[in-house]
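# Coordinates in review
What follows is each chain in one-letter form.
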Amino acid sequence: MRKFRKKPVVIEAVQVTDSTFEAPHPNEEHVRGVTYDPIKRQVYIKTLEGTMTASLGDWIIRGVAGELYPCKPDIFAATYEEVSDD
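For the structure given in this document, a descriptive report is provided here.

Rules and cut-offs
- Residues numbered from 1 in each chain as written.
- Predicted model: local features only at pLDDT ≥ 70, side-chain atom pairs only at ≥ 80, totals over all residues.
- Heavy atoms only, no water.
- Pairing = 2+ DSSP bridges.
- Helix = DSSP H or I, 4+ residues; strand = E, 2+ residues; numbered from the N terminus.
- Axes fitted to C-alpha atoms, helices over the stretch in contact; angles between N-to-C directions.
- 1 Å grid on protein atoms, 1.4 Å probe; cavity = no way out; pocket = protein on both sides within 12 Å on 5 of 7 lines; lining within 4 Å.
- Points joined across faces, edges and corners; volume = space filled by probe spheres on them.
- Nonpolar A, V, L, I, M, F, W, Y, C, P; charged D, E, K, R; others polar.

## Things to note about the sheet that holds strand 4 (residues 50-55)
Spatially, 2-3-4 is the arrangement adopted by the three strands of the open sheet, whose pairing is antiparallel. Strand pairing shows two members of the sheet lacking a second neighbour, strand 2 (35-37) and strand 4, which therefore form its edges. Strand after strand, the sheet turns through a mean of 25 degrees between neighbouring axes, direction not considered. Sheet topology places strand 3 (residues 42-47) next to strand 4; six bridges connect them, and they run antiparallel. Bridge pairing in strand 4 places Tyr-44 opposite Thr-53.

## Digging into the layout of surface pockets
If you add up the space inside the largest pocket, you get close to 650 Å³. What lines the largest pocket is a set of 19 residues, among which Val-9, Val-10, Ile-11, Tyr-80 and Glu-81 lie closest to the centre. The set of elements that each furnish at least two residues to the lining of the largest pocket consists of strand 1 (12-15) and helix 2 (73-79). In the lining of the largest pocket, the residues fall into eleven nonpolar, two polar and six charged.

Okay, structure coming up:
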């Protein structure tokens, strides 16, 4: 089997925290196009695979085609590193 390396891609992401639900809606932690449930502390994201749920600690990622999807924090830490705006 041939081997491939994932191309370096810069993505936008925001982590779901308690302040995501405590600040007035909308706020800078809110992503347009997703549904926030402050009682369950969950975020619902419509994807091509159906509606996915992000919980406290998860990340919401905007992919290269503008799509949104959740990512668990351990996978996010192993896959991404923060870059500067430069």
